[in-house]
Structures are given as structure tokens and as C-alpha cells.
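As a plain string of letters, each chain reads:
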Amino acid sequence: MLFADVVHSMNIAATVGSERLREIMAELVNITAAVVRRCGGTVDKFTGDGIMAVFGAPVAMEDHAVRACRAALGIQDATARLTAEVKHRDGIDLRLRVGLNSGQVIAGEVGSTSLGYTAIGEQVGMAQRMESVAPPGEVMVSASTARLVEDAVALGAAELVHIKGTDRAIHAQRLLSMSEERRPVGRAESKLVGRGREMSALEGLLDRALGGHGAVVEVVGEPGIGKSRLVREVAAMAAVRDVEVFSAFCESHTSQVPFHAVARLLRAATGVEGLDGQAARTRVRDQIPDADPEDVLLLDDLLGIADPITAIPAIDPDARRRRLAALLNAARLSRQRLAIYVVEDAHWIDEVSESMLTDFLIPQTPALVVVTYRPEYQGAFTRVAGAHTVALAPLSDSETAALVAHLLGPEPSVDALGRRVAERAAGNPFFAEELVRDLAERGVLQGEPGAYASAAEVSEVSVPATLQATIAARIDRLDPEAKHTLSAAAVIGSRFGLDLLTVLGVEPVTADLVAAQLVDQVEFSGQPEYVFHHPLIRAVAYEAQLKSDRAELHRRLAAAIEAREPESADQNAALIAEHLEAAGDLHAAYGWHMRAAAWATNRDIATARLSWGRAQKIADALPAEDPNRTAMRIAPRTMLCGTAWRVHVNVTGDRFDELRELCAAAGDKASLAIGMAGLVMDHAHQDRMREVSPLTSEAMALAESVGDATLTLGLSFPLIYGKIESAEWCEVLRWSQTVIDLADGDPSKGNFLVGCPLALAITTRGMARYWLGRPGWPEDLRDGQPMARGVDPASYAGVVGYTYLMGIPLGVLRPDDRALYEIEDALRIAERSSDDTVVGYIRAALALALMHRQKAAERDRGQKLGAEVGEVLLNQGRNLCDLPIIEVYLARERAIAGDRDDAIALMRSTVDHLFRTGRLLLWGLAATGVLVQTLLDRAGDGDAAEAEAAVERLAAAPADEGLVIREIWLLRLHALLTRARGDDSVYREYRDRHRDMAKTLGFEGHIAWAEAMP
Ligand SMILES: Nc1ncnc2c1ncn2[C@@H]1O[C@H](COP(=O)(O)OP(=O)(O)OP(=O)(O)O)[C@@H](O)[C@H]1O
Ligand SMILES: [Mg+2]
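This is a predicted model, so every value here is computed, not measured. Per chain, the residues get numbers from 1 upward, laid out in the order the sequence is written. Whichever chain is written first becomes A and whichever ligand is written first becomes 1, with later ones labelled in order. Local features in a predicted model are, by the rule used here, given only for residues with pLDDT of at least 70; side-chain atom pairs are given and counted only at 80 or more, and totals for whole chains, interfaces and linings are based on all residues. Side-chain measures were taken over the full set of non-hydrogen atoms in the model, leaving aside hydrogen atoms and water.

J.: Can you break down the packing of aromatic side chains residue by residue, with the values?
T.: Aromatic pairs are defined between Phe, Tyr and Trp rings, using the six-membered ring for Trp, whenever the two ring centres lie within 6.5 Å; interplanar angles under 30 degrees are classed as stacked, those over 60 as edge-to-face, and all others as tilted. Evaluated as defined, the whole model comprises 13 aromatic pairs. Relative to W599, the ring of F259 lies with its centre 6.1 Å away and its plane at 80 degrees, an arrangement referred to as edge-to-face. Within this pair, whereas F259 is found in the loop between β10 (244-249) and α7 (260-270), its partner W599 is found in helix α22 (residues 586-601), the two being separated by 340 residues in sequence. Assigned by exposure class, F259 and W599 land together as buried. Residues Y373 and Y377 carry aromatic rings whose centres are separated by 4.8 Å and whose planes lie at 55 degrees to one another, so their mutual orientation is tilted. Neither residue differs from the other here; Y373 and Y377 are each classed as buried. An aromatic cluster is built from F717, Y721, Y802 and Y841, whose rings are joined through pairwise contacts. Lysine and arginine charges are scored as sitting over a ring when NZ or CZ, respectively, is within 6 Å of the ring centre and within 35 degrees of the ring normal. It is R953 that lies over the ring of F915; its NZ or CZ is 4.4 Å from the centre. In this text, helices come from DSSP runs of H or I with a minimum length of four residues, and strands from runs of E with a minimum of two, each type numbered from the N-terminal end. Only protein chains enter the calculation, and the probe is 1.4 Å; a residue is then buried if its accessible area is under 20% of its type maximum, exposed if over 50%, and partly exposed in between.

J.: Tell me about the sheet that holds strand β17 (residues 519-523), residues and numbers included.
T.: Pairing in this open sheet of three strands is antiparallel, and the strands run β16-β18-β17 from one edge to the other. Because the sheet does not close on itself, it has two edges, and the strands there are β16 (495-497) and β17. Each neighbouring strand pair of the sheet contributes to a mean axis angle of 35 degrees, computed without reference to strand direction. Strands qualify as paired when DSSP identifies two bridges or more between them. Geometry is summarised by axes, namely lines fitted to C-alpha atoms with helices restricted to the contacting stretch, and by angles between N-to-C directions that run from 0 to 180 degrees.

J.: Please set out empty space enclosed by the protein residue by residue, giving values where relevant.
T.: In this analysis a 1.4 Å probe is tested at points of a 1 Å grid over the protein atoms alone, and where it fits but cannot get out there is a cavity; an open set with protein on both sides within 12 Å along at least five of seven lines is a pocket; lining residues have an atom within 4 Å of a point. Grid points are joined across faces, edges and corners, and a volume is the space filled by probe spheres set on the points. Under the definition given, this model contains three cavities of 30 Å³ or more. Size it by volume and the second largest cavity reaches roughly 40 Å³. Considering the residues around the second largest cavity, the lining is formed by S716, F717, I720, Y721, P757, L760, A761, T764 and Y802. Among the elements of the structure, α28 (709-725) and α30 (757-772) are those that each provide at least two residues to the lining of the second largest cavity. Throughout this entry, Asp, Glu, Lys and Arg are counted as charged residues, while Ala, Val, Leu, Ile, Met, Phe, Trp, Tyr, Cys and Pro are counted as nonpolar. The remaining residues, Gly among them, count as polar. Across the lining of the second largest cavity, the residue classes break down as seven nonpolar, two polar and no charged.

J.: Tell me what's going on with α30, and back it up with residues and numbers.
T.: Helix length check: α30 (16 residues) gives 22 Å between terminal C-alpha atoms against 22 Å at 1.5 Å per residue, within 8%. When you tally the buried positions in α30, you get 16 out of 16 residues, the bulk of the element. G773 occupies a position one or two residues after α30 and carries a positive phi of about 70 degrees. Here the expected span of a helix is defined as 1.5 Å times the quantity of residues minus one.

J.: Before we move on, can you summarise helix α13 (residues 415-425) with the specific residues and values?
T.: Within the span of α13, buried status applies to L417, G418, V421, A422 and A425. For α13, the arc enclosing every buried residue in end-on projection is 135 degrees, short of the 170-degree limit, so these residues lie on one face. Among the exposed residues of α13, those pointing more than 90 degrees away from its buried face are R419 and E423. In the stretch just after α13, A426 is the one whose phi turns positive, near 50 degrees. The arc in question is the one traced by the directions running from the helix axis out to the C-beta atoms.

J.: Before we move on, could you go through the sheet that holds strand β11 (residues 339-344) and cite the residues and values that matter?
T.: In space, the five strands of this open sheet follow the order β10-β11-β12-β9-β13, with parallel pairing throughout. Looking at which strands have only one partner, the edges of the open sheet turn out to be β10 and β13 (388-391). Strand after strand, the sheet turns through a mean of 15 degrees between neighbouring axes, direction not considered. Of the pairings in the sheet, the one linking β11 to strand β12 (residues 368-373) comprises four bridges and is parallel in character. Within β12, the residue paired with V343 across the bridge is V371. Sheet strands in contact with α7 are β10 and β11, and its direction is about 155 degrees off that of β10. Contacts were defined at the residue level, with two residues in contact if any of their heavy atoms lie within 4.5 Å.

J.: Can you lay out the environment of D604 for me, pointing to particular residues and giving the numbers?
T.: Tracing the backbone shows D604 in the loop between α22 and α23 (605-621). For the pair formed by D604 and V352, sequence separation is 252 residues and the distance between their alpha carbons is 7.5 Å. Setting aside chain neighbours within four positions, we find D604 in contact with F259, P317, R321 and V352. Here a polar contact means two N or O atoms within 3.5 Å. Within protein one must be a hydrogen donor candidate and the other an acceptor candidate, and residues neighboring in sequence count only if both atoms are side-chain atoms. Within the structure, the side chain of D604 is placed 2.5 Å from the side chain of T607, a separation counted as a polar contact.

J.: Go over the site of ligand 1 with me, naming the residues and quoting the values.
T.: G224, K227, R229, E433 and H534 are the nearest of the 23 residues found near ligand 1. Here an oxygen atom of ligand 1 and a side-chain polar atom of R232 are 3.5 Å apart. One nitrogen or oxygen atom from the side chain of E433 is found 2.7 Å from an oxygen atom belonging to ligand 1. With residues, only the protein chains shown are counted as cover, and all accessible areas are computed by Shrake-Rupley using a 1.4 Å probe. Protein coverage of the free-state accessible area of ligand 1, which is 620 Å², stands at 98%. Going through the elements one at a time, α6 (227-240) and α14 (429-441) are the ones with two or more residues in the shell around ligand 1. At four residues, the largest contribution of residues to the shell around ligand 1 is made by α6. A single heavy atom is enough: if one lies within 4 Å of a molecule or strand, its residue is considered near that molecule or strand.

J.: Account for the pairing of strand β18 (residues 529-532), with residues named and values stated.
T.: Pairing analysis gives three bridges linking β16 to β18, with the strands arranged antiparallel. When the sheet's bridge partners are listed, F496 is paired in β18 with Y530. Two strands pair when backbone bridges link them, and β17 and β18 are joined in this way by four bridges, in the antiparallel orientation. Within the sheet, the bridge partner assigned to D520 lies in β18 and is V531.

J.: Before we move on, can you summarise the pattern of salt bridges with the specific residues and values?
T.: Salt bridges are defined by distance alone: a side-chain nitrogen of Lys or Arg within 4 Å of a carboxyl oxygen of Asp or Glu. Within the structure shown, the criterion is met by 72 salt bridges. With a shortest N-O distance of 2.8 Å, R637 and E658 are connected by a salt bridge. Of this pair, R637 sits in helix α24 (residues 629-643) while E658 is found in helix α25 (residues 652-666), placing the two residues 21 residues apart along the sequence. Judged by relative accessible area, which is 1%, R637 ranks as buried. On the basis of relative accessibility, which here comes to 33%, the residue E658 falls in the partly exposed class. Within this structure, E433, E434, R437, D438, E441, R442, R474 and R477 form a network of salt bridges that share partners.

J.: Go over unusual backbone geometry with me, naming the residues and quoting the values.
T.: Residues other than glycine seldom take positive phi values, yet R195 does so here, at roughly 60 degrees. If you trace the backbone, R195 turns up in the loop between β8 (169-178) and α5 (196-210). The class for R195 is buried, based on a relative accessible area of 9%. Its identity is not glycine, yet F259 carries a phi of approximately 70 degrees, on the positive side. Since its relative accessible area comes to 9%, F259 is described here as buried.

J.: Outline the side chain of H685, listing residues and values.
T.: Examined against the element boundaries, H685 turns out to sit in helix α26 (residues 669-685). Residue class for H685 comes out buried when judged on its relative accessible area of 2%. Residues contacting H685, with those up to four places away along its chain left out, are W645, Y721, T837, G877, R878, N879, L880 and C881.

J.: I'd like a rundown of the pairing of strand β9 (residues 215-220), residues and numbers included.
T.: Counting buried positions along β9 gives six out of six residues, so the element sits mostly inside the fold. The alternating pattern of β9 places A215, V217 and V219 on one face and V216, E218 and V220 on the opposite face, and all of these are buried. Both β9 and β12 contribute to a ladder of six bridges, which runs parallel. Considered in β12, the bridge of A215 is made with L368. With four bridges joining them, β9 and β13 adopt parallel strand pairing. Along β13, the bridge assignment pairs V219 with V390.

J.: Run through the packing of α28 against helix α29 (residues 729-743), naming residues and quoting values.
T.: α29 packs onto α28 with a crossing angle of 160 degrees between their chain directions and a minimal axis gap of 10 Å. The angle between α28 and α29 places the two elements in the roughly antiparallel class. The handedness of the crossing between α28 and α29 comes out as left-handed. Within the contact between the two elements, α28 uses A709, T712, L713, S716, L719, I720, K723 and I724 and α29 uses W729, E731, V732, W735, S736, V739, L742 and A743. Across the contact of α28 with α29, the residue classes break down as eleven nonpolar, three polar and two charged. Each angle gets one of four labels, with under 35 degrees taken as roughly parallel, over 145 as roughly antiparallel, 65 to 115 as roughly perpendicular, and the rest as oblique. For any helix crossing, the convention is left-handed if the near helix is rotated counterclockwise from the far helix by under a right angle, and right-handed if that rotation is clockwise.

J.: Explain the environment of F46 to me, and be specific about the residues and the numbers.
T.: Relative to the helices and strands, F46 resides in strand β2 (residues 42-46). Filtering out sequence-adjacent residues up to four positions away, F46 remains in contact with V29 and I51.

J.: Describe the confidence of the model for the chain, and please don't skip the residues or the numbers.
T.: The predictor attaches a confidence to each residue, called pLDDT, with possible values from 0 through 100. The predicted model of the chain averages 86 in pLDDT, with 94% of residues at 70 or higher. Within the model, pLDDT remains below 50 along residues 107-119, and this stretch shows 21 contacts once partners closer than five positions in the same chain are excluded. Within the model, pLDDT remains below 50 along residues 181-187, and this stretch shows 19 contacts once partners closer than five positions in the same chain are excluded.

Written as C-alpha cells, this is what we have:
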């Protein structure tokens, strides 16, 4: 019986009037009735301000009780929307209490129209009492219901509640969620033997976790040794302590499906499993009511419950990760109760889940995290700092004997056989179980599990040699239909439903499989669902079938997955590709890998690269005569080369040479240009400047020769960047102008690599103009910003970063309040939407700006930030070409703090490095300036001479014509040198020329410096 009632309906009536109340109630009844029907119940009665529903008759079976629980939670979820609306419109809090009770009802009447109170008064009364003690918005279940559903749901602690009007206290428990633990209802477990030490270690960790000290436990061991069993035992300990357990199971066929494990775990933790899209989204929002709505959309997307009609905001994968990390952390910290998170079979985890879980979900977790894997796994979980490892060894001889004795029973006729089994199982409990099942199926053992007898002569009985062989023998013994069902199910995965089997063209026969304990039924209502009793059974069933049969099943399954959820085709692309590849349908698999990569590009670039890698492998293996082979080999390589710099690894070398060769053969200039642009970025980020300039010129020429404006625009940013870093300002000017002309005022034209090529080109034109002393630069620096801001956050950050990172140290701009405000604003925006590179870049700009301020506190902040940024760039191998300028200003702070000698050594080596790599005329200007000034301040032996030499070197560096920035810097530096030398009249001449030039050019930084000169 389910009883739902509106809290304080009388007060509500008084507030909104009876007319509106009727309206609200009608809506409420519709919603709840729909949920009840969906869960297989019958709405029996409307009680004026509530609803009464019945599940199952005549006897309350556990399945009915489970369904009633699902309905009760579903009602609370489904009414949340109405609640919000009513709150908004009528300003009242509409909340429901729901109560559940189970028991015998009168047969025949349930579901008919005339179910009278009197007939089942007692049960209804109890359900109603449960309802009356439920907190608003919650569900209470009676002891009888709790008993029936305790395996299938999460319940709160048992409480004694007092009911109005009686003084008898009764038992009740709060219904928390459906537990998606796959422990099947009523699964028979053998008695746990041994593992005492492991259990007490785990118990200790659980109790510590309850005391606020989280831990990560890794349970390692061979297949069948008892990892999952240990986890189930931990779950049982948790239940006693009222601790929730959330689990994610990795599977062999999902190891290539991105986000699989992490989504599973979070779906369990948020309780959205089994809810439809809208209900799931409501549920998530209820749990994190204060979260930023855009963050919640990202979470929806991760959980796979995003509303297909709501566009996911364009946010770089790095920013997604950053924001999800912060969101989940906040959600977890606000969580009152301890939880255990379980990741099972991590040897099959997908890469992005592995990195997300180990990077930000697990560190500093206040929870207990349990991970299981087999010994061959070497991934990131094995390196979690401070994790506890529980390595499961085989059971000892006496433990194995005890287990076998338990499986066989006390009858003396099985003793000898038992010894044989124990010896063969060699301490592997699953092997022992399977051997016993095998013997029972063969009739060697007679009777019931735990009470067998045997008439066989032990020496005559053959026993399979391995666990796999035992399972194979058992599968072999099945009827053809059952075997066929098992084979098809093995292709589907560890959990499967009858509907999908039917789609695969299999007439499902499951009774024998359940009876043989090869599979367990886990869902009884509506569509029955099953899971393999053990991953090894699935593996053997999978391997045992004919390759051609299996391929056919994979092919059908791929089609079925696509057909079943066409709106999720992109999300499922990796899985579909996997099945098609297993089906040997390589062309189709290639297409789906490429599609999976495109889907992942906005979510996790490393994941996208995995898919391109798979596609490349398929293409390479195609027969030479395949007409599409070359094009198919080029496409994924192009993307792999084009994006390599984004994952900060040096991977482009060989692959790029292959791409070059293939493109040359196919005459594909566009792909080569894209790949080359990626390589330019890679070289620049790795500070391989000598290679940047020629490659950039080549790529520019290629792009131009294709004659496609979109391509040229799209590639412009990396290529102009390459030219900036090579300090070729005439080229920067020429290209920026080309881009501005081609874009023809359209800010999003060519936006396939960066969101707004035009705004960036306007900014870089402004930079080239001030370097070359051409007019119009202030307008350029000003105009790029609003355009980028309206179109693309990363471009905006790029524009602001470029403007100030270079403009302030060079003395073109001043580090005034406005500059700081703009940089901080761009940083905030970048942190929400842009990749780590952009964020690092804009943080560097902020650090430099702060280190140019007067106030010590600001400079201090700048120095700390600069040190942090420098470290991150170094660690991640990013923006290394820009690192020297940060290092020089950090050294200057050191000098100011008094450590002048070390600081000068650092400056000297940085300036030398810039000289050697041909970049004196980029960062080398400001860097030489800092060095000279510091040397002159120290005024030790030889310092003046060294300063002079540095200035001469700068003056002699070969450069484009008309580099006015160098001219103005030389004036300033000569002024400093001559002043130090005490050469007054010459000094004054330089000082005045410097000031005049600064004024003519409008370089505000220089103007300020000039005015500060005595
Ligand atoms: N100590 C034990 N006492 C009794 N039975 C056990 C024990 N350990 C494991 N078993 C039983 O052995 C079977 C296999 O154990 P389990 O599924 O935990 O293996 P596993 O290590 O998780 O294997 P896999 O790596 O394949 O997942 C289960 O039926 C389990 O109940
Ligand atoms: Mg296991």
C-alpha cells in the first residue's frame, strides 16, 4: 500500500483558496497516478488531498514492494517541478509525505473500483501512519515493507515512531533511494571463509572514515579469488553502520567507452539510475540547489541525462574538468553522511574515467573509496598516494577445505571428492564453487547444495584442469537455445535484458541459465534483467562461440544500440564503433570512431585522440587497393597532429612525417596545413624556436595556396603565434591584415580552432603596429576586446593576454587599475570556459602586471602567482616560449628583496638563453632592461661593463626594418648607462630623446618611466 498526502493542505487551502487548491490537486493526482501506473501499481482512491495506491495482489511479494518503493521515490521526484511552480506562483510550500506498508490484502478486490476501506483497513491504516510520520518530501516504510525490500533499496536507520492518538511506538525506516548494487535479490552466497585479517583491516578503515579520515583501498587479486566478495562484505558492514555504498562496475567491452565508469559512479551517488531524463535532472538539481546552473548542465552531460534540446555551452574540456571538479567537491563537502564509493574491475576502466577519478574525485576524499582490480592492471589507481593495498592471496589449505566442506555438506561419501576439489581449486574459491557445480551437473554429486552425497569412485572422476575449462564444460552442457542465449548475452555485456536479446534475433531462454547459476536475475518487474554470475563466465561464454557467429551478433548489436537511442548516437559512438570493429565491419567502425572523436573533442581531448588513434589503426590496416584508404589514413592523422600540443606531449614527430608523405601523395594541402599548424604550436610550446619560423612560413604558404578563406582564417592564430614568437613583426602585420581582409567583418568566420580569429588578428595587428611604429595600434588593441568578448571566451582571454602580457613589460601600456581589472575579468571568464593553456597565459599576464605595480602587497601577489604559473608551465610543458619573461621578473623581485647576486645570475642566464634562441627582440628587450637596471643598481666591479655589453648586443641583433620598440628601449637603456656613468650632459640628452619619442608614439609605460627619471 502506498499512501501519499499533501502536508498542511488546510493551510494551503486557506492561502490560495479552494478553487486554486483543486487545480493544484488535480495536477498532483495526474502526476502521481502516472508514476504509479509506470511502476505497475493501481491508483485506488483519491482521498481529497492525497492518493492511495496498491501494488500487487493478493499477497505482497518482494517485487511488488520494490515497485512501490520505486513509485514512492518517483512521486517525490515528479512532484518537485509542480512544487517549484506553486512556490513561484502561489508562494506556498507544496510538499508530500509518502508512506508504505506491505501485507496481506483481500484477494479479488484490489484494482476493482470498489476497494473498501473496511476490507483492508488495517494495512491502509499502517500505510497512512507511515505517511503521517514521514518528514515533508520524504518516504517512510513500515517494518514489513523494509523486510521485503532491504536488498533492493537504501534505507535509513530503523526508528521507533510515535503515532498520534496511540501510545504504542512502531518501527519505521526512511526510504533513501533504490540501490543499484547489482547484488541480486536472494543470491545465495557461500559462507565466508578466511579473510579475517583483510576484513578487520577494512573494518578499521571504515571506522576511521566514519571518524572523518577518508581512505582509498585497493583490492588486488586473480580472477575468482574473492575481490568482489570482499567488497560485498564491506557493503554489509556499511549497512549496519548506516553508510551508503555507491558502485561502478567496469567491463571489458566498456574500457573504450569514455566516461563510462565515472558516469556510473556518479549516477549511483546521485540516485538517478533508472529515472527518466526529466526526473533525473530534477533529482540532481534538488541535491545541489545552490550550484551554478551552467555547471549543472555539465554534470547532466557527464551523467548522460542532458536534455537533448538544451545546448551544452561551448566550454573547453579543461574548463569542464575544472568546473566539474569544483562542483563535485562542493557537493561532496556539503554531504552530511559518509559514503563508500566502489570501483569494481578497474583493469577495464576507460582512460578518462581513470584520470578523472584519480585526479580529482579521489584525492582528499572524506569518503572510503574501494577499488578492485586484477594483478595485470598497472594504471593510475596503482599510483594513488597513500592508498592501502589489500592483496588477496589464495585461501590456505584449511580454509579451502572448509569452503569445500561447506559447499558439499557433511555426508562422508563426499569426503574424498572434496579433497580432490580442494586440491584442484588451489585456494581459488570461485574455482571450488564451479568444480562443485560441474560435478553436481554431471551427476557425480547428488542431492542439494550443502547436502550432497556421492556414489562415485573418486579415482574414476575426471576434474577439469582450470577454472576456465570448468566453466566451459558447464556451458557446453546447456541446451542449444540456452547456450545461444548465453552467447548473445556475453556479447551484450555483463548486464542484459530480454528485449535486446530479442533484437539480436535470439529467442531468450533464461530459466536454465539461472538454474545453473550462470546468470542471476536482478530485475523482476516489467522488463526482466539479468547479470552474469561472474565476469569470468561472461568471458568464457564470449570466447567459446564461433568467431563468425559472434561477429554477426556484434553487428546486430551495433545497429540496435543506434536504433534504440538515436538521440544518443554521438554519445554511444565509441561503443558502436567497438562493436562494429569486433564485427569486422571496418569501414563502418572507422566512421563511428571518427564520430566518437568529434563528440569527445569538446569533452576530453585525450579521449578524442584515442578515437582518432583507433580510426588511424583501422585505416592503416585496410588493403592497399581500397580506394578510400589514403583519405582515411590522412583524416585522423591530421587531427592527431593538429591537437598534439593541446595534450602537452611531444608526439607529433613521426606521425607528422607520415602525414606529410600521405598528403604529398594525395595532393591534400589543406590537411597538411592543419597538421603543420599543430606542429608549430607544439614547437613553440616546447620552446623549440629555431624550428618554429620556417615551419610557420611553410604552413602559411600552404594555406594560402589552397585559396580557401575559411582554412586560412582558421589556421591564422597558430601561425601568427609562431611568427610572434619568432619576432617577425612584418610577417605578423602582413598576416594579421590578410586575416582581417578575409574575415570581412565576420567574427566567427573560420572558427574551427579558435572561436574568433578576427578579433585575435586585430589585436596582433595592433601589436605589430606598435613594434613597427605604425599608427592605429591603440585602436586595434581596443577593438579586439569587445568583439572577442561577444563571441568566444578563449579568444577574449587571448586578446587581453596578448595586449597586456607584452604591452606592459615593453612599456607600451601602463599597469593601471583598468588594465588589472580587464585582466582579472578575462581570467575569471577563462577559468569558466577555456583550456589550461589560455588560463596559464592570462595568469601570466596578471602576474606580470602585478609585478609592475608600486604597492608591495600587489607585487608580492604578482610574485606568488608568477612562481605558481612558472611551475605549472614547466611541469606541463606548456607555453615554455613565454616562460623567460616570467622568470626575469621573478628574479627582479628577488633582487628588490635583497638577493641581488642570485637574481642577477638568473637574469643573465635567461637573457643569454633568449639571445641564443634568436629572441632578443621579443622578450629579450624587457629582459635586458631588467638585467641592465639591476646591474647598475648593484654597481659592483664590472657591472657597468656587463650592462653596456648587454645593451650593445641588443643593438646589434638582426631585425626587421624600423623596429621602433628597440629604438625607444635603446634610448632608455643608454640614459640609464650614462646616468650611472655620471655623464650628465649625455644622460640628459638621452633622457629627453627617450621622453619625446615615448610621447610621440604614445607609449604610456615609457612616458611614465621617462617622467620618473631625475
Ligand atoms: N573467502 C571466501 N569464502 C567463501 N567464498 C568466497 C570467498 N571469496 C570468494 N568467494 C566466492 O568465490 C566466488 C568468486 O569471488 P569473487 O567474485 O569475489 O572473485 P573476484 O576476485 O571478484 O574475481 P574477478 O576478478 O573475476 O572479478 C564468489 O562466488 C564468492 O562468493
Ligand atoms: Mg569481481
